[in-house]
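For reference, the chains in residue letters:
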Amino acid sequence: MAKTKELSKDTRNKIVDLHQAGKTESAIGKQLGLKKSTVGAIIRKWKTYKTTDNLPRSRAPRKISPRGVKMITRTVSKNPRTTRGHLVNDLQRAGTKVTKPTISNTLRRQGLKSCSARRVPLLKPVHVQARLKFARDHLDDPEEDWENVIWSDETKILLFGKNSTHHVWRTKNAELHPNNTIPTVKHGGGNIMLWGCFSAKGPGRLIRVKERMNGVMYREILSENLLPSARALKMKRGWVFQHDNDPKHTARATKEWLRKKLIKVLEWPSQSPDLNPIENLWRELKVRVAQQQPQNITALEEICMEEWAEIPATVCENLVKTYRKRLTSVIANKGYLTKY
């Protein structure tokens, strides 16, 4: 049966006016060229609701009862790795038959959506407690203290690989056009390892680590790059050096070298990349490098050096200026990893 055209608001109002003027439904229908049943329906709506406007239509009832919604919400809250199939089976045992898309839609209305689990460093209870202690001990440190820290780390950058996520605007079926793709090769096509440092005043030195790093090489890197970076960045007396708890960093010989150079070291909680703002700089660098699309290792290294030097000092300053927020996030997250 074909769907009839909806009456305009003016026509509906005219029906009511003629009805109030004393005309019958048949007479109104003949005058306006409408069926008597249509006229009668408009008049009944006006008498009941005092309006001829379209009323909200009732939706189809939810397939999952409020009790069922609570049950599956509670299940995924306790165990986020629960599959939709398991939830379908749970509801079926309770007498409700639904599909997997219905599960997804129901949980989405509860503010829950299925996402890929992020890979993060393993946190044991001792790590969580150490992170909490670090955050609480330093929460009230003045901003000037963080401005006098040189942050450091190593990172790997792939020649062809997922250094960063790219979005493209394209038409349907154009996903394989060269302009809309990122070239990849097996095993990433090679990569380079970098060591770098920075402070609130800007990027420090960045170097490529060409061999497998050991304690001796690490101390050479510090000797040739950390101290020159401190001078170039015009660090104040008593500046503090940050590095993580990699065995090369915490080796007795490395500690002795740092002690002889009178370099203060920030005590660092293990498994805490989110507390090191240089991770944000690495992300910035990888995005910049990916936009240049280097085609070989030599070009990759050159572009890394150029783009690192181009990172504005204001970016570094803002990362350090907001350091207290990192600490409050760790405390709010009870010691577990944060979004930083």
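- In the annotation of an unreviewed UniProt entry, the entry for the protein chain reads Transposase Tc1-like domain-containing protein, and the organism field reads Oncorhynchus mykiss.

1. Some points on the overall build of the protein chain
So, point 1. For the protein chain, the count of helices and strands is 15 helices and five strands.
So, point 2. Restricting the contact set of the protein chain to residue pairs at least 6 apart, pairs at least 24 apart contribute 70%.
So, point 3. Total accessible area on the protein chain stands at roughly 22,800 Å², and carbon and sulfur atoms take up 50% of it.

2. Examining the pairing of strand 1 (residues 149-158)
So, point 1. The buried count for strand 1 comes to eight of ten residues, which makes it a mostly enclosed element.
So, point 2. Examined bridge by bridge, strand 1 and strand 4 (residues 240-242) share three bridges and lie parallel to one another. Among the inter-strand pairings, valine 149 is bridged to a residue of strand 4, identified as valine 240.

3. Regarding the nonpolar core
So, point 1. The biggest cluster of nonpolar side chains holds 34 residues, and the ones touching the most others in it are Trp146 and Trp151.
So, point 2. Going through the elements one at a time, helix 7 (125-138), strand 1, strand 2 (191-199), helix 12 (278-292), helix 13 (297-310), helix 14 (313-321) and helix 15 (323-332) are the ones with two or more residues in this core.
So, point 3. In terms of residue count, the dominant contributor to this core is helix 12 (five residues).
So, point 4. With 19 residues, the next largest nonpolar core counts Leu222, Leu227, Met235 and Phe241 among its residues.

4. Quick notes on the side chain of asparagine 148
So, point 1. Among the structural elements, asparagine 148 can be located in the loop between helix 8 (143-147) and strand 1.
So, point 2. Looking at asparagine 148, the relative accessible area reads 14%, which means it is buried.
So, point 3. Here lysine 236 takes part through its backbone nitrogen, which lies 3.3 Å from a polar atom of the side chain of asparagine 148.
So, point 4. The contact partners of asparagine 148, leaving out residues within four places of it in the chain, are Met235, Lys236, Arg237, Gly238, Trp239 and Val240.

5. Overview of the packing of helix 4 (residues 66-78) against helix 5 (residues 84-93)
So, point 1. Orientation of helix 4 relative to helix 5, taken along the N-to-C sense of each, is 145°, at an axis distance of 11 Å. Judged by the twist between their axes, the crossing of helix 4 over helix 5 is right-handed. Residues Gly68, Met71, Ile72, Thr75 and Val76 of helix 4 lie in contact with helix 5, whose contacting residues are Leu87, Asp90 and Leu91.
So, point 2. Taken together, the residues that form the contact of helix 4 with helix 5 break down as five nonpolar, two polar and one charged.

What counts as what
- Residues numbered from 1 in each chain as written.
- Predicted model: local features only at pLDDT ≥ 70, side-chain atom pairs only at ≥ 80, totals over all residues.
- Heavy atoms only, no water.
- Helix = DSSP H or I, 4+ residues; strand = E, 2+ residues; numbered from the N terminus.
- Contact = heavy atoms within 4.5 Å.
- Areas by Shrake-Rupley, 256 points an atom, 1.4 Å probe, with all protein chains shown as cover.
- Buried < 20%, exposed > 50% of the residue type's maximum accessible area, 1.4 Å probe, protein only.
- Pairing = 2+ DSSP bridges.
- Core = buried A, V, L, I, M, F, W, Y, C linked by side-chain atoms within 4.5 Å.
- Polar contact = N/O pair within 3.5 Å; in protein donor to acceptor, adjacent residues only side chain to side chain.
- Axes fitted to C-alpha atoms, helices over the stretch in contact; angles between N-to-C directions.
- Left-handed = near helix turned anticlockwise from the far one by under 90°.
- Nonpolar A, V, L, I, M, F, W, Y, C, P; charged D, E, K, R; others polar.

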